[in-house]
Amino acid sequence: GSPQPVLDLTGQVLDNEPGAEYGMLGMTFDPVDGRLIVGYNGNDVGTRIESYGVGADGRPDAGSVREIVRIEQPGVGHNSGHLTFDTDDNLVISMGDGGGSRGADAQDMSKLLGGLLRITPNRDGPGYTVPADNPFVGQHGVAPEIWAKGMRNPWRFSIDRATGDIWIGNVGERSWEAVYKVPAGTTGANLGWPALEGSHPTDFNTDVPPPANPLMPVHEYPHSVGPAVIGGYVYRGNAIPLLAGAYVFMD
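Reading guide: rules and limits
- Residues numbered from 1 in each chain as written.
- Predicted model: local features only at pLDDT ≥ 70, side-chain atom pairs only at ≥ 80, totals over all residues.
- Heavy atoms only, no water.
- Salt bridge = Lys/Arg side-chain N within 4 Å of Asp/Glu carboxyl O.
- Buried < 20%, exposed > 50% of the residue type's maximum accessible area, 1.4 Å probe, protein only.
- Phe/Tyr/Trp six-rings, centres within 6.5 Å; stacked < 30°, edge-to-face > 60°.
- Helix = DSSP H or I, 4+ residues; strand = E, 2+ residues; numbered from the N terminus.
- Lys NZ or Arg CZ within 6 Å of the ring centre and 35° of its normal.
- Pairing = 2+ DSSP bridges.
- Axes fitted to C-alpha atoms, helices over the stretch in contact; angles between N-to-C directions.

K.L.:
Help me out: how do you make sense of the pattern of salt bridges in this one?
P.N.:
Proximity of charged atoms lets side chains of opposite charge pair with each other. Tallied over the full model, the rule gives 12 salt bridges. Asp105 is the salt-bridge partner of Lys111, the closest N and O atoms lying 3.0 Å from each other. You can call Lys111 partly exposed: its relative accessible area is 33%. Residue Asp105 is classed as buried on the basis of its relative accessible area, which comes to 7%.

Here it is as structure tokens:
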């Protein structure tokens, strides 16, 4: 059959703007209550993550919208926006550094920018709570939603369903594209941006010192190969045995 639109958010979503990340940036379904969760940049540029109830006919109900979280953005770039749930039914969100601080916001622990966030959407209304086992819960001046930091623009990431490892494609600045593996059980990882681009030191913003123990990429390549890594998935299917356990991504 032919595809049919089931939810039109045109009026709320940032319109086409040169150099901007706009449109529908991410979507997933809540494994607990089945609600459709969408992420986009609103007309005020800020990131909005909302959920909609889905009817028995499979169509989202526009009148059932709940705002889960709204994140202020300093600009229209580096906004990322991938959404997925972990095995504990928490929502994991990728956020770029916002492009407004020359990477400094990726190391600012008070801001929900430049990393992965982990929250639990309220299932009985708008908003969210923070899982008690997040790595920075209770630390003064640190946003408890943060799961990992130091990323320029983790456009897509995934959780390996067989191991729980998190795989991240982090889009670089001048020279290098990098893929990172955060082993299952590792919390509070820092990828080092803007002091590092992949494993390579950079002078992009010398006012921001590197973290103490930055996580190194498992794969990186120069811009002569490709300009923007887009993270993928570890293949766990049966149709292509030679790909079993391989990480498949694109640029």
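K.L.:
Got a minute to help me understand the packing of aromatic side chains in this structure?
P.N.:
Within a pair of aromatic rings, the relevant descriptors are the distance that separates the centres and the angle that separates the planes. For the structure shown, the criterion picks out four aromatic pairs. Ring plane angle 20° and centroid distance 4.6 Å describe the contact between Trp167 and Tyr247, whose orientation is recorded as stacked. Here Tyr247 lies in strand 18 (residues 247–250) and Trp167 lies in strand 11 (residues 166–170), a separation of 80 residues in the sequence. Judged on exposure class, the residue Trp167 and its partner Tyr247 are both buried. Pairing Tyr247 with Phe249 gives two aromatic rings, centres 5.6 Å apart and planes at 20°, and the pair type is stacked. We classify Tyr247 as buried; its relative accessible area is 15%. Judged by its relative accessible area of 31%, Phe249 falls in the partly exposed class. Ring pairing ties together the aromatic residues Trp167, Tyr221, Tyr247 and Phe249, which thus form one cluster. Lying across the ring of Phe204, Arg102 places its NZ or CZ 4.1 Å from the centre.

K.L.:
Help me out: how do you make sense of the pairing of strand 11 in this one?
P.N.:
Residues in a regular strand point their side chains to alternate faces of the sheet. Along strand 11, five of the five residues are buried, which leaves the element largely enclosed by surrounding structure. By the alternation rule, side chains of strand 11 split into Ile166, Ile168 and Asn170 and Trp167 and Gly169, which are all buried. Pairing analysis gives four bridges linking strand 10 (residues 156–159) to strand 11, with the strands arranged antiparallel. The residue bridging Arg156 from the neighbouring strand is Gly169, located in strand 11. Where strand 10 folds back on strand 11, the antiparallel hairpin that results is connected by six residues, among which Gly164 adopts a positive phi of roughly 85°. By the bridge criterion, five bridges tie strand 11 to strand 12 (residues 176–182) in an arrangement that is antiparallel. From the neighbouring strand, Gly169 faces strand 12, where its bridge partner is Val179. Between strand 11 and strand 12, which pair antiparallel in sequence order, lie five residues.

K.L.:
I would appreciate a short explanation of the sheet that holds strand 3 (residues 47–52) in the present structure.
P.N.:
Backbone-to-backbone hydrogen bonds pair the strands of a sheet. The strands run either parallel or antiparallel. On the basis of which strands lie adjacent, the open sheet formed by four strands has the order 1-2-3-4 and antiparallel pairing. Pairing within the sheet leaves two strands with one partner each, and these edge strands are strand 1 (24–29) and strand 4 (66–71). When the angles between neighbouring strand axes are averaged without regard to direction, this sheet yields 15°. In this structure, strand 1 lies alongside strand 2 (residues 36–41), joined through five bridges in antiparallel fashion. Note on strand 2: the bridge partner recorded for Phe29 is Leu36.

K.L.:
Please clarify how unusual backbone geometry should be interpreted in this entry.
P.N.:
What you tend to see is this: most non-glycine residues have negative phi, and most peptide bonds are trans. Note that the residue after Trp193, namely Pro194, is joined by a cis bond; omega there is 10°. Within the fold, Pro194 resides in the loop between strand 13 (189–190) and strand 14 (196–197). Of note, the phi angle at Val45 is positive, near 80°, even though the residue is not glycine. Along the chain, Val45 turns up in the loop between strand 2 and strand 3. Take Val45: its relative accessible area is 18%, and that puts it in the buried class. We note that His78 has phi near 55°; this positive angle belongs to a residue other than glycine. By the secondary structure assignment, His78 is in the loop between strand 4 and strand 5 (83–85).

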